[in-house]
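Chain by chain, the residues:
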Amino acid sequence: MSYLQLKKVSKGFGEGSLRTEVLKNINLSVDEGEFLAVVGFSGSGKTTLINLMAGLIQPDEGEILFKGKPVKGPGPERGVIFQNYSLLPWLTVHGNVALAVDQVFPHWSRKAREDHIARHIEMVHLTPALYKRPAELSGGMRQRVAVARTLAMNPDMLLMDEPLGALDALTRGTLQSEIENIWSRDRKTAVLITNDVDESILLADRILPLNPGPGATLGPDFEVKLERPRDRTALNRNEVFQKIRNQVLHYLVDAGSRKSVREEIEKMTLPEIQPVEW
């Protein structure tokens, strides 16, 4: 049985002539312990897809199952790492992580919670910034807090919505390595939403392209048969990496071209026919 399953899921927003169908007939299965990456263009519906998995929104059609049970709303068993950090600005690094831990594990002793918080902050190398607030942190450090907070909830599944998209290349590369190290240690089921093909190959076991919308659909699977741990520098010279990269990029470029052609056809209008006088 699939760990997470989407069956004929569709989702749109708006009413009447202003309605946009974002996702159409999405069928997806994620196995336990798998790291899946969904890649696609901006605006193709990737965030809508991850929000459906998280239970933050409900599908218009179809159903979503987690461990065989319908997803009716958000829950701590599905931890989400957002692109925009979503930290409370008046709380410190410790306070932001503690907020999640206190909510999920209220029955633990105070010492057990404090040890748990400290361990996860250390995991992302932020112990020296323990009592700093978000305004005092760099973008990369804020994202580390968001990662620590989600992991500290000990979710069964990680859902990541372009968590590194706003970071500079150096910080992004560092956090990619940390995410892979953390995932390799616990082997939690993970879904990463990204528009970076190289990032998806570096981190994932399987890649699924999301075809451009409206009415976005999923493309074919691309398996990433590369040994772990994966070294970014070494991958650039790896023939398997280059082959997968070219296949995914070519698919996305073709999908984008098909969308452009479709949009141009939809814009086309026949010339107005003038009546003929006899």
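Now for a quick tour of the structure. (Residues numbered from 1 in each chain as written. Predicted model: local features only at pLDDT ≥ 70, side-chain atom pairs only at ≥ 80, totals over all residues. Heavy atoms only, no water.)

**Considerations on the overall build of the chain**
What the chain contains, in helices and strands, is 8 helices and 10 strands. By its C-alpha atoms, the chain is 95 × 45 × 45 Å across when sized along the principal axes. Buried positions account for 49% of the 278 residues belonging to the chain. Looking at the chain alone, contacts between residues at least 24 apart form 69% of all its contacts between residues at least 6 apart. Of the accessible surface of the chain, which amounts to about 14800 Å², a share of 53% is contributed by carbon and sulfur atoms. Across the chain, the mean location of the 35 positive side-chain charges is 5 Å away from that of the 36 negative side-chain charges. (Helix = DSSP H or I, 4+ residues; strand = E, 2+ residues; numbered from the N terminus. Buried < 20%, exposed > 50% of the residue type's maximum accessible area, 1.4 Å probe, protein only. Contact = heavy atoms within 4.5 Å. Areas by Shrake-Rupley, 256 points an atom, 1.4 Å probe, with all protein chains shown as cover. Lys, Arg positive; Asp, Glu negative; His and termini not counted. Charge placed at Lys NZ, Arg CZ, Asp CG, Glu CD.)

**Some thoughts on the nonpolar core**
Soluble, globular proteins show a tendency: their nonpolar side chains are buried together. With 49 residues, the main nonpolar core has Phe 35, Val 97, Ile 201, Ile 207 and Val 248 as its most contacted residues. If you tally residues by element for this core, the top one is helix H8 (residues 239-267), at 6 residues. Among all residues touching Ile 207, those that are not within four sequence positions of it are Ala 37, Val 39, Ser 200, Ile 201, Pro 220, Asp 221, Phe 222, Val 224, Ile 244 and Val 248. Membership of the second largest hydrophobic core comes to 28 residues, among which are Val 30, Leu 36, Leu 49 and Leu 159. (Core = buried A, V, L, I, M, F, W, Y, C linked by side-chain atoms within 4.5 Å.)

**Considering the packing of helix H2 (residues 93-104) against helix H3 (residues 110-123)**
The relative placement of two packed helices is expressed as an angle between their axes plus a distance between the axes. Interhelical geometry of H2 versus H3 gives an angle of 125° and a closest axis separation of 10 Å. Relative to H3, the element H2 lies oblique. For the pair H2 and H3, the crossing hand works out as right-handed. Counting all contacts with H2, which are made through Val 93, His 94, Val 97, Ala 98, Val 101 and Asp 102, the residues of H3 involved are Arg 113, Glu 114, His 116, Ile 117 and Ile 121. The residue makeup of the contact of H2 with H3, split by class, is 6 nonpolar, 2 polar and 3 charged. (Axes fitted to C-alpha atoms, helices over the stretch in contact; angles between N-to-C directions. Parallel < 35°, antiparallel > 145°, perpendicular 65-115°, else oblique. Left-handed = near helix turned anticlockwise from the far one by under 90°. Nonpolar A, V, L, I, M, F, W, Y, C, P; charged D, E, K, R; others polar.)

**Description of the sheet that holds strand S6 (residues 78-81)**
Strand order in this open sheet of 6 strands is S6-S7-S8-S3-S9-S10, and the pairing throughout is mixed. Edge positions in the sheet fall to S6 and strand S10 (222-223), since each of these pairs with one other strand and no more. Sheet analysis places strand S3 (residues 35-39) next to strand S8 (residues 189-194), joined by 5 bridges and oriented parallel. Residue pairing for S8: Val 38 is matched across the bridge by Ile 193. Packed onto the sheet, helix H4 (residues 139-152) meets S6 and strand S7 (157-161) and runs at close to 175° relative to S6. (Pairing = 2+ DSSP bridges.)

**Re the packing of aromatic side chains**
Following the criterion strictly, the structure yields 4 aromatic pairs and no others. Ring centres 5.2 Å apart and planes at 75° place the aromatic pair Tyr 3 and Phe 66 in the edge-to-face group. In this pair, Tyr 3 sits in the segment before strand S1 (4-13) while Phe 66 sits in strand S4 (residues 61-66), placing the two residues 63 residues apart along the sequence. Considered together, Tyr 3 and Phe 66 belong to a single accessibility category, that of buried residues. (Phe/Tyr/Trp six-rings, centres within 6.5 Å; stacked < 30°, edge-to-face > 60°.)

**Quick look at the side chain of His 120**
With respect to the helices and strands, His 120 occurs in helix H3. With a relative accessible area of 8%, His 120 lands in the buried category. The contacts of His 120, once residues within four sequence positions are left out, are Ala 148, Leu 151 and Ala 152.

**Regarding the sheet that holds S4**
Pairing within the open sheet is antiparallel, and its 4 strands lie in the order S2-S1-S4-S5. The sheet terminates laterally at strand S2 (20-30) and strand S5 (69-70), the two strands that pair on one side only. The pairing of S1 with S4 spans 5 bridges and is classified as antiparallel. Its bridge partner lying in S4, Gln 5 is registered against Leu 65. Sheet strands touched by helix H1 (residues 46-54): S1, S2 and S4. Its angle to S1, the strand with the most contacts, is close to 125°.

**Some words on the side chain of Glu 178**
Looking at the secondary structure, you find Glu 178 in helix H5 (residues 169-186). Discounting chain neighbours no more than four positions away, the residues touching Glu 178 are Val 124, His 125 and Arg 144.

**Looking at H4**
Over its 14 residues, H4 extends 20 Å from the first C-alpha to the last, a length consistent with the 20 Å expected when each residue adds 1.5 Å. The element H4 is extensively covered by neighbouring structure, given that 11 of its 14 residues are classed as buried. Among the residues making up H4, those that are buried are Gly 140, Gln 143, Arg 144, Val 145, Ala 146, Val 147, Ala 148, Arg 149, Thr 150, Leu 151 and Ala 152. Packed against the buried residues of H4 are S6, H2, H3, S7 and H5. Immediately downstream of H4, the backbone of Asn 154 shows phi near 50°, a positive value. (Expected span 1.5 Å × (residues − 1).)

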